[in-house]
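Residue strings, one per chain:
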Amino acid sequence: MEPRVTFYSRQGCHLCDEARLVVEKVVGDDYTEIDIDTDDELRERFTNEVPVTYVDGKQHDFWRVSEERLRSALARSPE
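A quick note: this is a predicted structure, and the numbers were derived from the prediction, not measured.

### What about the state of the cysteines?
Right, so step 1: This structure, assessed with the given rule, holds one disulfide.
Right, so step 2: Put simply, Cys 13 and Cys 16 are joined by a disulfide, and their sulfur atoms are 2.5 Å apart. Given an S-S torsion of about 80°, the disulfide between Cys 13 and Cys 16 has right-handed geometry.
Right, so step 3: Overall, the relative accessible area of 0% leaves Cys 16 in the buried class.

Below is the structure:
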């Protein structure tokens, strides 16, 4: 089963480092992380918004990740 959380980030991003800690606190290592700089389309799409989190394939947060909001989203059944 695919992880429910996808985390888009980039190297050298302090907001990404902070958000990653929140994601890991909530889901451990059960998430997918994608470096947007490895894909031209992702870099163009998210360059000014990283970090970006998706839950169950839908955009959840960007720039900052709220532990409370993430837990709440994960408490709902995947659609």
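That covers the picture; the talk isn't over yet.
### Observations concerning the sheet that holds strand β2 (residues 31-35)
Right, so step 1: With respect to topology, four strands assemble into an open sheet ordered β2-β1-β3-β4, the strand pairing being mixed. On the outer flanks of this sheet lie β2 and β4 (58-62), each paired with one strand and no other. In this sheet, neighbouring strand axes are inclined to one another by 25° on average, regardless of whether the strands run parallel or antiparallel.
Right, so step 2: Inspection of the sheet shows strand β1 (residues 5-9) paired to strand β3 (residues 52-55) by four bridges, in the antiparallel sense. What sits directly across from Val 5, in β3, is Val 55.
Right, so step 3: Its contacts with the sheet put helix α1 (residues 14-27) on β1, β2 and β3, and the angle it makes with β1 is roughly 165°.
Right, so step 4: The strands touched by helix α3 (residues 67-75) within the sheet are β1, β3 and β4, with β4 carrying the most contacts at an inclination of about 165°.

### Digging into the packing of α1 against α3
Right, so step 1: Relative to each other, α1 and α3 sit at 40°, their axes nearing to 10 Å. Considering the angle they form, α1 stands oblique to α3. Crossing angle aside, the handedness with which α1 passes α3 is right-handed. For the pair α1 and α3, the contacting residues are Val 22, Val 23, Lys 25, Val 26 and Val 27 in the first and Glu 67, Leu 70, Arg 71 and Leu 74 in the second.
Right, so step 2: Classifying every residue of the contact of α1 with α3 gives six nonpolar, no polar and three charged.

### Some thoughts on the nonpolar core
Most often, soluble globular proteins keep nonpolar side chains buried together rather than apart.
Right, so step 1: Ranked by internal contacts, the top residues of the largest apolar core, which has 23 residues, are Val 5, Tyr 8, Val 23, Val 27, Phe 46, Leu 70 and Leu 74.
Right, so step 2: Contributions of two or more residues to this core are made by β1, α1, α2 (40-46), β3 and α3.
Right, so step 3: When neighbours within four sequence positions are excluded, Leu 74 is seen to be in contact with Arg 4, Val 5, Val 26, Val 27 and Val 55.

Reading the values: rules and limits
Residues numbered from 1 in each chain as written. Predicted model: local features only at pLDDT ≥ 70, side-chain atom pairs only at ≥ 80, totals over all residues. Heavy atoms only, no water. Disulfide = S-S within 2.5 Å. Buried < 20%, exposed > 50% of the residue type's maximum accessible area, 1.4 Å probe, protein only. Pairing = 2+ DSSP bridges. Helix = DSSP H or I, 4+ residues; strand = E, 2+ residues; numbered from the N terminus. Axes fitted to C-alpha atoms, helices over the stretch in contact; angles between N-to-C directions. Contact = heavy atoms within 4.5 Å. Parallel < 35°, antiparallel > 145°, perpendicular 65-115°, else oblique. Left-handed = near helix turned anticlockwise from the far one by under 90°. Nonpolar A, V, L, I, M, F, W, Y, C, P; charged D, E, K, R; others polar. Core = buried A, V, L, I, M, F, W, Y, C linked by side-chain atoms within 4.5 Å.

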